[in-house]
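Survey of secondary and tertiary structure
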Amino acid sequence: MIPPLLPTYARAPLAFERGEGPYLIATDGRRFLDFAAGIAVNALGHAHPRLVAALSAQASKLWHTSNLYQVPGQQLLAERLVAATFADTVFFGNSGAEAIECAIKIARKFHAARGEPQRFRIITFEGAFHGRTLATLAAGGQKKYLEGFGPKVDGFDQVAFGDLEGVKRAIGPENAGILIEPIQGEGGVRCVPGETLRALRALCDEHGLMLMFDEIQCGMGRTGKLFAHEWAGVTPDIMAIAKALGGGFPVGACLATERAAAGMTTGTHGSTFGGNPLAMSIGNAVLDVVLEPAFLEHVNKVANYLKQQLGMIADRYGPVIEEVRGQGLLLGLKCKVPNTLLVDALRERGMLVVGGGDNVVRILPPLIITEEHVRDAIAILNDACASLAHQPAKDAAK
Ligand SMILES: *Cc1c(COP(=O)(O)O)cnc(C)c1O
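For clarity, every value in this text was computed on a predicted model and none was experimentally measured. Residue indices follow the written sequence of each chain, beginning from 1 at its first position. The model is predicted, so local features are restricted to residues of pLDDT at least 70 and side-chain atom pairs to those at 80 or more, both for listing and for counting; the totals for chains, interfaces and linings are taken over all residues. Excluding hydrogens and water, the side-chain figures rest on all heavy atoms present in the structure.

**A short note on the pairing of strand β11 (residues 238-241)**
Rules: Only protein chains enter the accessibility calculation, which uses a 1.4 Å probe. A residue is then buried if its area is under 20% of the maximum for its type, exposed if over 50%, and partly exposed in between. By definition, any uninterrupted DSSP run of H or I lasting at least four residues is a helix, any uninterrupted run of E lasting at least two residues is a strand, and each is numbered from the N terminus. Two strands qualify as a pair provided DSSP detects at least 2 bridges between them.
Across the two faces of β11 the burial is the same, with I238 and A240 and M239 and I241 all buried. Both β11 and strand β12 (residues 252-256) contribute to a ladder of four bridges, which runs antiparallel. Across the sheet, residue I241 finds its bridge partner in β12, namely A253.

**Observations regarding the pairing of strand β5 (residues 121-125)**
Put simply, side chains in a regular strand alternate between the two faces of the sheet. Burial runs high along β5: five of the five residues are buried. Burial of β5 is two-sided: the residues R121, I123 and F125 facing one way and the residues I122 and T124 facing the other way are all buried. Examined bridge by bridge, β5 and strand β7 (residues 175-180) share three bridges and lie parallel to one another. Among the inter-strand pairings, I123 is bridged to a residue of β7, identified as I178. The pairing of β5 with strand β6 (residues 156-159) spans four bridges and is classified as parallel.

**Description of the packing of helix α2 (residues 49-59) against helix α9 (residues 277-290)**
Our working definition: Here the axes come from fitting lines to C-alpha atoms, over the contacting stretch only for helices, and the angles between their N-to-C directions go from 0 to 180 degrees. Oblique is the label for every angle not falling under 35 degrees (roughly parallel), over 145 degrees (roughly antiparallel), or within 65 to 115 degrees (roughly perpendicular). For any pair of crossing helices, the crossing counts as left-handed if the nearer helix is rotated counterclockwise from the farther one by less than a right angle, and right-handed if it is rotated clockwise. Contact between two residues is taken to exist if any of their heavy atoms lie within 4.5 Å; hydrogens are not considered. Classification used: nonpolar for Ala, Val, Leu, Ile, Met, Phe, Trp, Tyr, Cys and Pro, charged for Asp, Glu, Lys and Arg, polar for all others including Gly.
At their nearest, the axes of α2 and α9 sit 9 Å apart, and the two run at 155° to each other. Our classification of the angle between α2 and α9 gives roughly antiparallel. Classified by chirality, the crossing of α9 by α2 is right-handed. For the pair α2 and α9, contact is made by R50, L51, A54, L55, Q58 and A59 and by P277, L278, S281, I282, A285, V286, D288 and V289, respectively. For the contact of α2 with α9, a count of residues per class yields 10 nonpolar, two polar and two charged.

**Examining the site of the ligand**
The cut-off we apply is this: Residue proximity to a molecule or strand is established when one non-hydrogen atom of the residue lies within 4 Å of it. In protein, a polar contact requires one atom able to donate a hydrogen and another able to accept it; more generally it is a pair of N or O atoms within 3.5 Å, and residues adjacent in sequence count only if both atoms are side-chain atoms. Areas reported here follow the Shrake-Rupley algorithm with a probe of radius 1.4 Å; residue values treat only the protein chains shown as occluding.
For the ligand, the full set of nearby residues is S95, G96, A97, F129, H130, G131, E181, D214, I216, Q217 and K243. At 3.1 Å, a backbone N or O of F129 approaches a nitrogen atom of the ligand. In this structure, an oxygen atom belonging to the ligand sits 2.6 Å away from a side-chain N or O atom of K243. Contact with the protein chains hides 81% of the accessible area of the ligand, taken as 380 Å² for the molecule alone. Tallied by class, residues from the shell around the ligand come to three nonpolar, five polar and three charged.

**Description of the pattern of salt bridges**
Two side chains that carry opposite charge are able to pair once their charged atoms sit near each other. Just so we agree on the cut-off: Salt bridges are defined by distance alone: a side-chain nitrogen of Lys or Arg within 4 Å of a carboxyl oxygen of Asp or Glu.
Under the defined criterion, the tally for this structure stands at 17 salt bridges. Residue D205 pairs with R201 through a salt bridge whose shortest N-O separation is 2.8 Å. Residue D205 and its partner R201 are located together in helix α8 (residues 194-207), separated by four residues, close to a single helical turn. The class of D205 is exposed, set by a relative accessible area of 52%. Connected through salt bridges with shared partners, the residues E323, R325, K334 and D358 form a single ionic network.

**Structural notes on the sheet that holds strand β2 (residues 23-26)**
Taken in spatial order, the four strands of this open sheet run β1-β2-β3-β15, and their pairing is mixed. The open sheet terminates on both sides in strands that have one partner only, identified here as β1 (16-20) and β15 (351-352). Here helix α12 (residues 371-389) sits on the sheet and contacts β2, β3 (31-34) and β15; the angle it forms with β3, its principal contact strand, is near 105°.

**Some points on the side chain of S66**
Inspection of the secondary structure puts S66 in the loop between α2 and α3 (72-84). Only 3.0 Å separates the side chain of S66 from the backbone nitrogen of L68, close enough to count as a polar contact. Leave out the neighbours within four places in its chain, and S66 touches V71 and T272.

**Thoughts on the domain arrangement of the chain**
Let me state the cut-off plainly: An automatic or database domain assignment provides the domain bounds reported here. Here the buried area means the combined drop in accessible surface, using a 1.4 Å probe, for two parts upon being joined, counting both sides.
When cut into domains, the chain gives domain 1 (16-34 + 294-396) and domain 2 (50-290). In total, domain 1 and domain 2 occlude about 1600 Å² of area from one another, counting both sides; carbon and sulfur atoms represent 60% of this. Looking at the side of domain 1 facing domain 2, the largest losses of area belong to Q327, L330 and R362, adding up to 37% of the total buried there. Our count for the contact surface shared by domain 1 and domain 2 stands at one salt bridge. Those elements giving two or more residues to the side of domain 1 that touches domain 2 turn out to be α10 (295-316), β13 (321-327), β14 (330-335) and β17 (360-363). For the side of domain 1 that touches domain 2, a count of residues per class yields 11 nonpolar, seven polar and three charged.

This is how it looks when you write it as structure tokens:
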């Protein structure tokens, strides 16, 4: 019998009652160190006083008016995102997938508005994840997610991860742009080299293509810069963000340059809930904290410490962990045992992490963790790895 809740998730047998900073307290009273952060969403941890205050204040005044009217919080957040990035303009939605949908529409409209509506195809990369709507699934190109949902939405051509020659071969007269995560999250914390991002920028300039970055997971300070592409010294034409932007409140945004968004005139896009006053109060509060001068410095410092400590764990437990990857606080442990074993072993010991593609365990703590939290996490990891290192060989993946 189908349960009342559509069973599309394999959920852990665990529910939470409240959170405090990097901790989650389960309904049975157990306390967990949350190095999953709701899959890179709770960047400021749980119940951050600034976010609680912003949401509470807004909740007692006004929740929703629709986009038929001016929404001052949207105006403000858009201006601040524009000031902090390459972008000239911002559209607000409610999720990552919606932000990507908007990016795809902007890229296609850019060409259509210039009299080239035949240019609609987007090049994407193997291992990508861009969301679960029909178009974003087609962009991600993962067979296991596409199967059974009818013909794949047309207009997406996938090449191997980081394969510049493949990109060159895929570029044709129908191309509108290239869509890439500067660091693949779900795909297993795979970093795209800066030189590859720069080469993609050059290819886009050469062929008149829109360069689109999906910074839904890697953006908003997680890598130690406000956006991951800043490390490479290139800017996109269009960028999708979400996850940490709302610190746990659903919000997404699509940022674009004036040139890229030239075709997006009145009536070309919309959303009922997108950018509503509650979401905007939180988005502005998140930005208040992340843009504080010392914040990213803190992320870099604690991230370096965590990565160094993870490196020592990987050295000690070679049969369990193959390598440490990632940047800032978007880190991955490529496992030699099935990654689910490590996720479960950590959870049993009071620490939450997230699985990922390529048999990786993702370490995505809130950006507000301290070195003390790192020490606690490393002690738990050490214990979990020791237990897995002693597992009978049949449990180890090839
Ligand atoms: C989570 C994620 C998405 C999808 O976001 P939703 O809010 O689940 O729609 C898209 N791209 C990346 C890189 C993500 O991590």
